[in-house]
Amino acid sequence: MRHYAVFGNPIAHSKSPLLHNAVFVRYEKELGFRGNYHPILLENPQDLKSRFLELGLFGANITTPFKEVAFHLSDKVEGLAQEVQAVNTWVLREGQVVGYNTDIEGFLAPLKGLHVSRALILGAGGSARAVVCALKSRGVAVSVCNRSAKKLAYFQAQNIPSFLSQDCPLDAYDLIINTTTAGLKDNNLPCEESLLKALFKQAKHAYDLIYHNTPFLSLARECHLKTFDGKAMLVAQAVLSFAQFVPHLNSPLVLATMQEVLH
Ligand SMILES: NC(=O)c1ccc[n+]([C@@H]2O[C@H](COP(=O)([O-])OP(=O)(O)OC[C@H]3O[C@@H](n4cnc5c(N)ncnc54)[C@H](OP(=O)(O)O)[C@@H]3O)[C@@H](O)[C@H]2O)c1
């Protein structure tokens with residue numbers, strides 16, 4: 001049996017175990033081993049790597065709020081994860097913990113064919129870094145707003161217009177993205193309702209990384225915006241992570257299985 005996991009806090013909401021375990025069960029013969037993927041609630045960020053190693057995991061996903069610490073604790077970081085300094089996937093290779101970021105490509109999954117020129121990102125955590133990187137790769141002008149100052153420093157250092165929510169300019173953005181955890185376990189909006197309504201008035205699309213309906217998405221629909229929840233991203237980033245965990249299984253099969261269990 002090979003064990004895999006997702007580390008986060010909170011973690012009970014995570015659908016990653018459902019997706020990965022469905023593939024492990026369906027393709028046990030093709031894989032040549034039994035796999036099991038566990039949700040793990042982590043309290044102390046500094047325990048992340050020791051837990052990963054003690055549990056003898058072959059690979060893991062890392063979710064809120066540990067993506068930046070996962071970057072720093074990786075023995076080696078591959079691809080665009082180096083640029084965003086946030087890691088959502090770990091694989092054990094030759095005794096080394098190797099970090100990847102599959103959120104960057106995963107985020108773009110539901111946006112294929114959509115024309116976006118200006119986007120506003122609410123939140124400044126590990127996922128916001130991936131979203132900025134993904135949108136910049138598509139030539140989108142991005143701005144970032146967060147409720148507090150500390151995490152804005154990373155974006156300011158890259159000359160990305162970055163504001164405290166209370167100072168957010170009421171410009172015309174065609175896509176507004178919620179990368180905060182507001183709405184994940186509560187009924188909060190990511191910023192003041194009046195600010196959000198003013199932004200939505202000038203916008204066309206709203207995207208919440210959270211994969212259930214949220215107050216942010218409900219308000220966007222009230223304001224007649226086209227909305228995207230985080231389900232397509234969830235599946236897309238999971239398929240890319242699975243390809244790092246087990247490179248020899250055909251990705252379209254993994255995608256079809258994960259889409260089937262989610263719907
Ligand atoms: N669909 C998917 O596949 C997918 C992939 C990645 C992430 N996600 C989701 O994206 C969300 C963010 O993940 P993350 O890893 O970036 O988390 P994170 O690193 O913990 O960052 C959370 C961000 O949310 C802000 N925040 C928290 N509570 C807030 C509130 N009540 N009002 C306003 N802002 C608030 C934080 O602000 P401060 O800096 O002030 O604390 C921070 O900027 C999570 O809900 C996660 O599940 C989904």
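Residues numbered from 1 in each chain as written. Predicted model: local features only at pLDDT ≥ 70, side-chain atom pairs only at ≥ 80, totals over all residues. Heavy atoms only, no water.

This part covers helix α10 (residues 215-222). Residues of α10 that are buried include every one of P215, F216, L217, L219 and A220, and no others. The inward-facing, buried residues of α10 contact β7 (118-122), β10 (175-178), α9 (193-202), β11 (205-208) and β12 (226-228). In the stretch just after α10, H224 is the one whose phi turns positive, near 70°. (Buried < 20%, exposed > 50% of the residue type's maximum accessible area, 1.4 Å probe, protein only. Helix = DSSP H or I, 4+ residues; strand = E, 2+ residues; numbered from the N terminus. Contact = heavy atoms within 4.5 Å.)

Looking at the assigned domains, one finds that the protein contains domain 1 (2-101 + 232-262) and domain 2 (106-229). One C-alpha centre belongs to domain 1, the other to domain 2, and the line joining them spans 25 Å. The interface is formed by 19 residues belonging to domain 1 together with 20 residues belonging to domain 2. Carbon and sulfur atoms supply 67% of the area that domain 1 and domain 2 bury against each other, a total of about 1500 Å² over both sides. Summed over the three residues of domain 1 that lose the most area to domain 2, namely E68, V84 and M233, the buried surface amounts to 36% of that side. For the side of domain 1 that touches domain 2, the secondary structure elements donating two or more residues are α4 (67-73), α5 (81-84) and α11 (231-245). Here the side of domain 1 that touches domain 2 gets six residues from one element, more than from any other, and that element is α11. Among the residues making up the side of domain 1 that touches domain 2, the classes are represented as nine nonpolar, six polar and four charged. (Domains from an automatic or database assignment. Buried area = accessible area lost by both parts, 1.4 Å probe. Nonpolar A, V, L, I, M, F, W, Y, C, P; charged D, E, K, R; others polar.)

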